[in-house]
Amino acid sequence: LIGVTGSGKSFLAREIIDQLKTDTKVICIDFTGEWKKKQQLTSLTSANLDAFLATQDDSIGLVELPAVSNTVGVIQSTENFISLIFSKAKEAYEANSPMRICLVLEEAHTIVPEGNFLGVNDWDSKAVVNKMGQVALQGRKFGVGLLVIAQRTANVSKTVLTQCNTIICYQAYDETSFNFLGNYVGKDLVKTLPNLKTYHAIVTGKAIRSNLPMIV
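Heads up: these notes are all about the structure in this document.

About the thresholds
- Residues numbered from 1 in each chain as written.
- Predicted model: local features only at pLDDT ≥ 70, side-chain atom pairs only at ≥ 80, totals over all residues.
- Heavy atoms only, no water.
- Salt bridge = Lys/Arg side-chain N within 4 Å of Asp/Glu carboxyl O.
- Helix = DSSP H or I, 4+ residues; strand = E, 2+ residues; numbered from the N terminus.
- Buried < 20%, exposed > 50% of the residue type's maximum accessible area, 1.4 Å probe, protein only.
- Pairing = 2+ DSSP bridges.
- Contact = heavy atoms within 4.5 Å.
- Axes fitted to C-alpha atoms, helices over the stretch in contact; angles between N-to-C directions.
- Phe/Tyr/Trp six-rings, centres within 6.5 Å; stacked < 30°, edge-to-face > 60°.
- Core = buried A, V, L, I, M, F, W, Y, C linked by side-chain atoms within 4.5 Å.

Okay, the pattern of salt bridges next. Within the structure shown, the criterion is met by 4 salt bridges. In this structure, Asp23 and Arg100 form a salt bridge, with 3.8 Å as the shortest nitrogen-oxygen distance. Of this pair, Asp23 sits in the loop between helix H1 (9-20) and strand E1 (25-30) while Arg100 is found in the loop between helix H4 (72-94) and strand E4 (101-105), placing the two residues 77 residues apart along the sequence. Owing to a relative accessible area of 48%, Arg100 belongs among the partly exposed residues under this scheme. With a shortest N-O distance of 3.8 Å, Asp57 and Lys25 are connected by a salt bridge. Taken together, the residues Asp57 in the loop between helix H3 (49-54) and strand E3 (60-64) and Lys25 in strand E1 connect sequence positions 32 residues apart. Residue classification places Asp57 among the partly exposed residues on the basis of a relative accessible area of 44%.

On to the sheet that holds strand E7 (residues 202-205), then. An order of E6-E7-E8 is seen for the 3 strands of this open sheet, with the pairing classed as antiparallel. Among the strands making up the open sheet, the edge pair consists of strand E6 (166-169) and strand E8 (214-215). Taken together, the 2 bridges between E7 and E8 define a ladder with antiparallel strand orientation. Bridge pairing in E8 links Ile202 to Ile215. Its contacts with the sheet place helix H8 (residues 175-185) against E6 and E7, and it is angled at close to 125° to E6.

As a further point, take the packing of aromatic side chains. Counted under the stated rule, the structure contains 3 aromatic pairs. Centroid distance Tyr93 to Phe142: 5.1 Å. Interplanar angle 85°. Geometry classified as edge-to-face. With Tyr93 in helix H4 and Phe142 in the loop between helix H6 (123-139) and strand E5 (144-148), the pair connects residues that are 49 residues apart, well separated along the chain. By relative accessible area, which is 7% here, Phe142 ends up buried. Centroid distance Phe180 to Tyr184: 5.3 Å. Interplanar angle 45°. Geometry classified as tilted. With Phe180 and Tyr184 both in helix H8, this residue pair falls 4 residues apart, about one helical turn. In this structure Phe180 comes out as buried when scored by relative accessible area, which is 11%.

Our focus in this paragraph is the nonpolar core. With 41 residues, the main nonpolar core has Ile27, Ile101, Leu103, Leu105, Val112, Leu181 and Leu193 as its most contacted residues. The dominant element in this core, judged by the number of residues it contributes, is H4, at 5 residues. Those residues in contact with Leu103 that sit more than four places away from it in its chain are Ile27, Ile82, Ile85, Val144, Gly145, Leu146 and Leu147. Judged by nonpolar contacts, the second largest core, of 18 residues, contains Cys102, Ile149, Ala201 and Val203.

Dropping the structure here:
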């Protein structure tokens, strides 16, 4: 889900989650505090993760980031939790009782930033982001999917973005988004992005019945 602030990303994400949570455990990773205000969420830690995954209800989990920046500590703590979820899903898969888990990455540039946009010039943080990219690459096999929400494609890891099967893009203005999205929707359709009406979006991918990208 891509688009400028106020274009409707979070609203649509909540609509999608309401449909997903009937048979999928949804875990939101968020530092904005918006999800806590608008959804009934269960705050997750490594201590109560097992209990949350084992419950049969449609509750939504919340992982709150300790700060509003992509410093080493924030990225490390997020990566540790995502790796823990991944390992639980892998164990369930190998035990022939696979899970369905959706990780919602709100403001994804803080959680999986592109290397050039890391908050610190530190090789440790780059290695951590690369590790999260590997989780994105392998997670689908074990039932772990991603819902990536971002304002721009420029500062989100391309390893993660290219794993997204479906793209919904609201109004956008930056050239980097045009170049990235042009590979999916075509150069002509991407030219309409700056002029899209409110709550209109270009959609393409496996979740769309049409074989062609379209404006909805």
